[in-house]
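# A structural walkthrough
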Amino acid sequence: MFRLPVAIETSGILHRDQKDASQQTERKQNPVIARKTFPLQVAMHLNKVLKIRPVTGSGPVKKGIAIRFGVPVLFTMRFVRFTCIVLAIYMQKIKFVVSNTNHMKHGFLLLIFLGGMGIQARAQESGDRKFDISGVIRNGTSGETLLYANIGVPTLKTGTTTNEYGFYSLNLPEGKHQLEISYVGFEKKVIPVEITGKTRLDIEMQPKGIALQEVEITDEKEDEQIRSGQMSIVKMESSEIKSIPVVAGEADVLKAIQTQPGVAAAVDGMAGFFVRGGGSDQNLLLLDEATVYNASHLLGFFSVFNVDAIKDVTLHKGAGPAQYGGRVSSVLDIKMNEGNSKQFAGKGGMGLLSSRLTLESPIKKDKGAFLISGRRTYLDLFLKLSPDENVNSNTLFFYDLNTKAHYQLGENDRLFLSGYFGRDVFTAGFGAGFDWGNTTGTLRWNHIYNSKLFSNLSLIFSDFNYGLEQNREEENFRLIAGIRDYQGKLDYDYYFNNNLKLKFGAQGTYHRFNNGEVEITGPSNLNNFSRPDRRAWENSAYIKADQKWGRTFAFHYGLRYSWFHLVGPGEVYAFDENNLTTPTGILNYSDGEIIKTYHGIEPRLSVRYAPDDQSALKASVGRSRQYVHQASNTNSALPFDLWVPSSNIVQPQIADQVALGYFRNFDENAWESNVEIYYKDLQNQIDFRDGADIILDPYIEQEMVFGTGKAYGAEFSLKKKKGKTTGWLAYTLSWSNRRYDALNNGEVFRARSDRRHDYSMTLMHRLNQKWSATLNWVYASGLATTFPAARIVLDGQVIEVYNERNAQRMPANHRLDVGMTWHGDPTKKWRSEWNFSIYNVYNRKNPYAVDFRPSADDPGTTEVVLMYLFPILPSLTYNFNF
Amino acid sequence: MKRFKIILIPVFLLAVFSCEKVIDPSKVDLPPHEEIIFIEGEVVRKKQNNVIDATGPFYVTIRKSKAYLDHTEGFTGVLDAVVTLRDDAGNSEVLTHLNHGMYQSGGQVEAIENRTYTLEVVINGSVYSASSFLSPMSEFTATPYVYEEETGFFPAGYFFFSQWRREADASSFFRVRAFKNDKIWYGDPEVAFKYLLVDDSYGLSENLNFFIPYNYEPGDTAMMELMSLDEATYVYFQSIDQQGQAGTSPLAPVPGNVRTNFDGKNVMGHFSAYASHRIQTVVTE
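Each chain carries its own residue numbering, running from 1 in the direction its sequence is written. Both sets of labels track the order of writing: A upward for chains, 1 upward for ligands. Since the coordinates come from a predicted model, pLDDT governs what is reported: local features require at least 70, and pairs of side-chain atoms require 80 or more to be given and counted, while whole-chain, interface and lining totals use all residues.

Two residues qualify as being in contact provided that their C-beta atoms, derived from the backbone, are within 7 Å of each other. Between chain A and chain B, the residue contacts involve 67 residues of the former and 67 residues of the latter. When residues of the side of chain A that touches chain B are traced back to their parent elements, those giving at least two are β22 (413-428), β23 (432-448), β44 (790-794), β45 (797-801), β49 (847-854) and β50 (862-868) of chain A. To qualify as a helix, a DSSP run of H or I must reach at least 4 residues; to qualify as a strand, a run of E must reach at least 2; elements of each kind are numbered from the N terminus. By residue number, the principal contributor to the side of chain A that touches chain B is β50(A), which donates seven residues. Under the scheme applied, nonpolar residues are Ala, Val, Leu, Ile, Met, Phe, Trp, Tyr, Cys and Pro; charged residues are Asp, Glu, Lys and Arg; polar residues are all the others, including Gly. When its residues are assigned to classes, the side of chain A that touches chain B shows 37 nonpolar, 19 polar and eleven charged. Sheet topology places β50(A) next to strand β1 (residues 19-23) of chain B; five bridges connect them, and they run antiparallel. Residue pairing in the sheet places A:V865 in a bridge with B:V22 of β1(B). Only when DSSP finds a minimum of two bridges between them are two strands counted as paired.

Below is the structure:
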């Protein structure tokens, strides 16, 4: 029986399953039921043999010895085997290019390992009668679910976390317990419970006072980095992102992420980013599970993510857990707010470039809510103010609209519908223009089967397209190109016990690549035409386990298997394997006919060893595959760069990454420090021949070259999470190289993402109830680039001659940004704040390009021109919420 | 038009947002200069005022590169090369050195449509060779011009259109070149559209009419040239154009060497055979 002590006040919503206790009793008595639960019985028996019974005499004793020594030996062998695989990869003795048979063998070993560990973990716990307590943890003021909140019983030294949908399940022995729930930024909650059967307990937590929140880094649990088995992960919340001073006061997720170790800005002040030496198109950007193919506004000055609509940001530097796939460098998983199911609320702001407004309201109190959040720039209004017709005749703006609604259908079912719509528009007065944008939609159904099993079914739509048009007398056309995805995804979370959580599922994505359609809108030299569409299926299935082994070890391990089918209808150019420059013919495929298939396994493993509560050693290894690629021959990806599928010529990109890390907390988790080293091996990298012009190229494969890459480095981080002053220091030392037979004379060269040193310091200080201050300083080695070595003249033009690709560097980037925020009365209904920030305080001219051109004074000589984007830039932003 | 100059729009945007500062070249670590040979040669079949010129002379220049910031005048010519021009009809001749690395044909090899020409250059025992196909000539049907007011990109002035018909057996690759008073002309100020390249990979109409973005004044002698190219020559011009847009800017194409059709190490340049149709006009108000 479960009883809530009368004297304890709680906002928890309690449910009781009276059947369960009696069912447990029945199982013990009923041999049929007992047979069904045979593994559990064995586990309980093993537990007694291993833990309780003295090993003496014969009979059971021999069995005991066998188990006592056999299981650990078996585990040890398996662990050694896995360690060897990891080391072998690291030492390059073997790579994951072995056959699939071997992959499967390793996969089986992993599953055996999983099974064995599960039994042992089960055996360790099944000494007493235990029951599950499960439910959902929510924010008490908005009703939003809390992701990765911590719930446990300290006296039992057991606990768990909510999943990404706020669900938890904990297995506790019969009796009275003090259930402790914590989530940084919220008041810790202690709920006395008496467990007598399977229990449902939904919990609401109250945020701490606004003033206190401002000085806490609220992205994770206090000792998350020590307790978690995962590594190479960065979490940020919108409040943290908003506090970092940025260009024109436009808080930006991608720029905030760039302050973290291992993440480098593609260009100072812009939103594009590289993770651990990978390319910007190798980052998977997910917004409520939907892929965002182009996250840039204004060609990368800002990202498409409106911070007011965002709840949680998690970056996996590498393949990440097994549920993720499709990119070889990183996964940036962004979750949108769900909407306030308690009361009508809103927030917004006005800055120099744009204004934002977010409204949220219950559909039915505590049952459902909706959120609508919009942002629009007013650059075009400024342009109109110009007296110059060449300026005021132009249009330039972008907008975002985030929407989300959810509804609780019953105790165990919840529906979510979310969408994003954003677009950039630029039209020039002389009759040309372009626009691009993303549209995503996610329909999600969360279902709780029982206290152990949770599922999420998602139907996802994602579309990115760009348009280019010209409307002049002699030439009138519109060009449209892009990519569209339809995706179905089913995930299950199974809480095997407090020490073992399983997650498994499958995904299927139908990609449709629009390679370009030209529509004639008036007199033109062109006829209507289109490049053949490409269609493809990208499917995957995965299983992963999060496992604790005592308080010392934690494991995250999983397998992912992915398939990619390029399908008809369509024409495909055939090439001779040894000559990709001239097609040998055209092959025709009918609707649905498979043109080319790729598939492969993607193992993921992460291990944590924590000798005490303050430190941990972690290691991880993972493989990821990328089947769609961005065809870009510019230094940074542009919205006009097509996404192309793997094909008969283009093979999937593959990355294998190993990482080791040491994590140490100080001063009761007020300080966090860590160092990680990583090594990444890249296969089937894609680049373009010198001088390639790939826009609407029907034979794009002719211009492609394929090669390999390596990236390695070390990341250092020091973070202060509590107190009046919080913030972090990050330093990354890294190398990233590529090699292509057809480029740079076949020699290894630096990747554009090679960044030798990257420092970042972000500090936030609460001066008093009214004022807070922020400071951000960054330094990064100059971008790897190619300067000319010689000059010649061809066709009357001075032609530059290059020796080695990316062998030079531009001058280093560094700058200091500061901000002050005045906070209004937090007790008022209408709460407001003014933020004043200065970007690039000491006016550093950080280069985005170095140009060589004839001198204005002496055209016979060449002058070197440094081009930079943002000088010292003050900004003022007004934010409010109610 | 093959190139829609999409890249220019972001460049325009960046120009709006960016600032510039001239810096001391010594602050930029340029790579060391490794000398290369560069060769330019062409075989041209010309037609102007209904007169065809197929005998040349044809010229080949062979010179040596210099360091990028070496501002001494001119380039050092290669004076002792053996330069041989051949066609696939069995004709060949050794070109004569004129001066400063320039070599001239003697009329034994003529520019005939649908023939493939090979240029072979021997320098100190190293052999460099390249071939090019002379495509059938396409001709302008007209080159009218109009007066246009100033726009964001172009100054006010007279602007030409190049008009021609696509023929089934003609080349698929074209370049339109403009001259002003007998000198090649890219407009004032020089616009980025230096290479007006057209290819057949889009659904081109039968009758083509392209705007030429170079301004003329009344009294100017304007000459428009339609060059019918083979694919390699088209790609060569395209790569020069691409290099003109390339640079270190994040939005610019990755800097890379111009394509060459010469075999051999440490050599750049191009040998092309093409047909050229020209129309000359004196601009009047």
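Residue and element names in this part refer to chain B. Inspection of the secondary structure assignment puts K180 in strand β15 (residues 173-180). Burial in this document is a count-based property: other C-beta atoms within 10 Å of a residue's C-beta are tallied, and the residue is buried at 20 or more, exposed at 12 or fewer, or partly exposed in between, with C-beta positions derived from the backbone. The exposure class assigned to K180 is partly exposed, which follows from the 19 C-beta atoms found within 10 Å. Along the primary structure K180 and T281 are separated by 101 residues, whereas in three dimensions their C-alpha atoms are 9.8 Å apart. If near-sequence neighbours (up to four positions away) are discounted, K180 is found in contact with W185, Y216, D220 and A222.

Moving on, we come to the pairing of strand β37 (residues 671-688) of chain A. All names here are of chain A. In the sheet, strand β36 (residues 653-666) pairs with β37 via 13 bridges, with the strands oriented antiparallel. Directly across from I654, in β37, lies its bridge partner Q683. Hairpin connection of β36 to β37: four residues between the antiparallel strands, including D667 at a positive phi of 50°. In the sheet, β37 pairs with strand β38 (residues 704-720) via 16 bridges, with the strands oriented antiparallel. Pairing of Y679 across the sheet is with Y712, part of β38.

Here we take up the sheet that holds β49(A). What holds strands together in a sheet is hydrogen bonding between their backbones, with the strands either parallel or antiparallel. One open sheet accounts for three strands, arranged β49(A)-β50(A)-β1(B); its pairing is antiparallel. Looking at the sheet topology across the chains shown, the edges are occupied by β49 of chain A together with β1 of chain B. Direction aside, the axes of adjacent strands within the sheet are offset by 30° on average. Across seven bridges, the pairing between β49(A) and β50(A) is antiparallel. Of the residues in β50(A), the one forming a bridge with A:A849 is A:M867. With axes taken as lines fitted to C-alpha atoms, and helix axes fitted only over the stretch in contact, angles between N-to-C directions fall between 0 and 180 degrees.

On to the domain arrangement of chain B, then. All names here are of chain B. Source of the domain bounds: an automatic or database domain assignment. For chain B, the assigned domains read domain 1 (37-133) and domain 2 (136-249 + 267-282). Each of domain 1 and domain 2 has a C-alpha centre, and the two are 23 Å apart. With 21 residues of domain 1 in contact, the opposing surface of domain 2 contributes 18 residues. In terms of residues, the side of domain 1 that touches domain 2 owes the most to one element, strand β2 (residues 37-48), which gives twelve residues. Classifying every residue of the side of domain 1 that touches domain 2 by side-chain character gives eleven nonpolar, four polar and six charged.

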